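Take a look at the letters that make up each chain.
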Amino acid sequence: MRGFPALIGRSIFRSSSHDLRSTHPTATVAAAPPLLRRIGSRRGLIIQTLSGPVRIERLSDSDSGIIELKLDRPEAKNAIGKEMLRGLQNAIETIGNDSSANVVVVSSSVPKVFCAGADLKERKLMSASEVQQFVNSLRSTFSSLEALSVPTVAVIEGAALGGGLEMALSCDLRVCGEESTFSLPETGLAIIPGAGGTQRLPRIVGRSAAKELIFTGRRISGKEAVSMGLVNYCVPAGEAHHKALQIARDINQKGPLAIRMAKQAINKGLEVDMPSALDAEEECYDQLLETQDRLEGLAAFAEKRKPSYLGK
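This structure is a prediction, so every number in the text was calculated from the model and none was measured.

*Asks:* Before we move on, could you go through the overall build of the chain and cite the residues and values that matter?
*Replies:* From N to C terminus, the chain includes eleven helices and twelve strands. Expressed as a percentage of its 312 residues, the buried residues of the chain come to 46%. In the chain, of all internal contacts separated by at least 6 residues, the share reaching a separation of at least 24 is 64%. Of the roughly 15,900 Å² that the chain leaves accessible, carbon and sulfur atoms contribute 54%.

*Asks:* Account for the pairing of strand E7 (residues 152–156), naming residues and giving values.
*Replies:* Summarising burial for E7: five of the five residues are buried, a large majority. Burial of E7 is two-sided: the residues Thr152, Ala154 and Ile156 facing one way and the residues Val153 and Val155 facing the other way are all buried. Of the pairings in the sheet, the one linking strand E5 (residues 103–108) to E7 comprises three bridges and is parallel in character. Of the residues in E7, the one forming a bridge with Val105 is Val153. Judged from the four bridges that link them, E7 and strand E9 (residues 173–177) form a sheet pairing that is parallel. Bridge assignment links Val153 to a residue of E9, and that residue is Leu173.

*Asks:* Tell me about the pattern of salt bridges, and name the residues and values.
*Replies:* Counted by the stated rule, this structure contains 13 salt bridges. Between Arg249 and Asp63 there is a salt bridge, with its nearest N and O atoms 3.0 Å apart. Placement of Arg249 in helix H8 (residues 240–252) and of Asp63 in the loop between strand E3 (54–59) and strand E4 (66–71) is noted, with a sequence separation of 186 residues between them. For Asp63, a relative accessible area of 1% puts it in the buried group. Beyond isolated ion pairs, a larger network of salt bridges with shared partners links Arg55, Glu57, Lys70 and Asp72.

*Asks:* Explain the side chain of Ser107 to me, and be specific about the residues and the numbers.
*Replies:* For Ser107, the position within the fold is in strand E5. Discounting chain neighbours no more than four positions away, the residues touching Ser107 are Glu68, Leu69, Lys70, Leu71, Phe114, Val155 and His241.

*Asks:* Tell me about the environment of Ile259, and name the residues and values.
*Replies:* In this structure, Ile259 sits in helix H9 (residues 256–269). As for Ile259 and Asn102, which are separated by 157 residues in sequence, their C-alpha atoms are 8.1 Å apart. Non-local contacts of Ile259, meaning those with residues more than four positions away in its chain, are made with Pro151, Ile251 and Lys254.

*Asks:* Quick rundown of the nonpolar core? Include the residues and the values.
*Replies:* The tendency in soluble globular proteins is for nonpolar side chains to be buried as a group. Formed by 45 residues in total, the largest nonpolar core has its most connected members in Leu69, Met167, Phe182 and Leu230. When residues in this core are grouped by element, the largest group, six residues, is from helix H1 (residues 82–96). Counting 14 residues, the second largest nonpolar core, distinct from the first, contains Val105, Val153, Leu245 and Ile251.

*Asks:* Help me get a handle on unusual backbone geometry, residues and values and all.
*Replies:* At Lys112, a position not held by glycine, the phi torsion is positive, near 65°. Within the secondary structure, Lys112 is located in the loop between E5 and strand E6 (113–115). Classification of Lys112 by relative accessible area gives exposed; the value is 75%. Here Ala190, not a glycine, exhibits a phi torsion of approximately 65°, which is positive. Its place among the elements puts Ala190 in the loop between strand E10 (181–183) and helix H5 (197–205).

*Asks:* I'd like a rundown of a nonpolar patch on the surface, residues and numbers included.
*Replies:* Judged by side-chain polarity, Leu120, Leu189 and Ile191 come together as a nonpolar surface patch covering roughly 270 Å² of accessible area. In this fold, Leu189 is placed in the loop between E10 and H5.

*Asks:* Give a description of the environment of Val231 that names residues and reports values.
*Replies:* Checked against the element boundaries, Val231 lands in the loop between helix H7 (222–227) and strand E12 (233–235). On the accessibility criterion, Val231 (4% relative accessible area) is buried. Between the C-alpha atoms of Val231 and Asp172, which are 59 residues apart in sequence, the distance is 10.0 Å.

*Asks:* Let's hear about the pairing of E3: which residues, and what values?
*Replies:* Most of E3 is tucked away: six of the six residues are buried. Alternating positions in E3 separate into two faces, Val54, Ile56 and Arg58 on one and Arg55, Glu57 and Leu59 on the other, with burial throughout. Pairing of E3 with E4 involves five bridges; the strand directions are antiparallel. The residue bridging Ile56 from the neighbouring strand is Leu69, located in E4. Connecting the antiparallel pair E3 and E4 is a turn made up of six residues, with Asp61 showing a positive phi of about 55°.

About the criteria used
Residues numbered from 1 in each chain as written. Predicted model: local features only at pLDDT ≥ 70, side-chain atom pairs only at ≥ 80, totals over all residues. Heavy atoms only, no water. Helix = DSSP H or I, 4+ residues; strand = E, 2+ residues; numbered from the N terminus. Buried < 20%, exposed > 50% of the residue type's maximum accessible area, 1.4 Å probe, protein only. Contact = heavy atoms within 4.5 Å. Areas by Shrake-Rupley, 256 points an atom, 1.4 Å probe, with all protein chains shown as cover. Pairing = 2+ DSSP bridges. Salt bridge = Lys/Arg side-chain N within 4 Å of Asp/Glu carboxyl O. Core = buried A, V, L, I, M, F, W, Y, C linked by side-chain atoms within 4.5 Å. Patch = residues over 30% accessible without salt bridge, like charges linked within 9 Å, V, L, I, M, F, W, Y side chains within 5 Å.

Encoded structure:
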């Protein structure tokens, strides 16, 4: 299999060396680094980081391939400061280097808030050059989240404001609870959304709707968000994570290489003209023709059974 983008970074999960064509490794307690432990789960075991404002939980058993990235800074409503930014960078790098990952669920461990945006108390102490460097790093981090080869699903319960909304916009899919609120309030602070909001929002909801939300800084509800296409699903409060896991499990059952190529084809195609987009689709399709998974899919269909994909 040639042509798949290289994965960078170092994983916190120890496993044997392999590329995108490898089987999913199963982590063990003995192989886990000191900051990891196993905890119970309805669907199996979870490998969980123990410290920091950003945690990674790697589901196993029937949910092997699903990774949860959780924001956990309750004292600041998950506001993004320097420490959380480093945590996000490390988590995204780790996931990008984990070839067993099939789908990522981005959520909050803090009740009634996804992310309140930038840590303005910390920012007040920064010089103009420090602010510029921080925002540039945040923009780059969200671009790295968007560029992950696997699908990402944001789970929003409560507020997703400023940089928090920009983080959600960097994900492929978004699921929210009915009591969620969304806003890009930066113009009220005499700045603009600087971590991708002015570019990703219009690509998702359209130019006019994006301009209105950014110019006014108006807050919208989960129901309004789904009506304008900002989120894929709006469910009763407290049920967004359950819905996101349903979506993640649906994705996780599909051919993992096909999912990666579908995401790549869509993203590349949207940035070019139609003939070039169709060329990109052809290139991605061709990379799947010689895979074991494609033959397994055909065999499973003929034999009327569930396919067993290995990512090869």
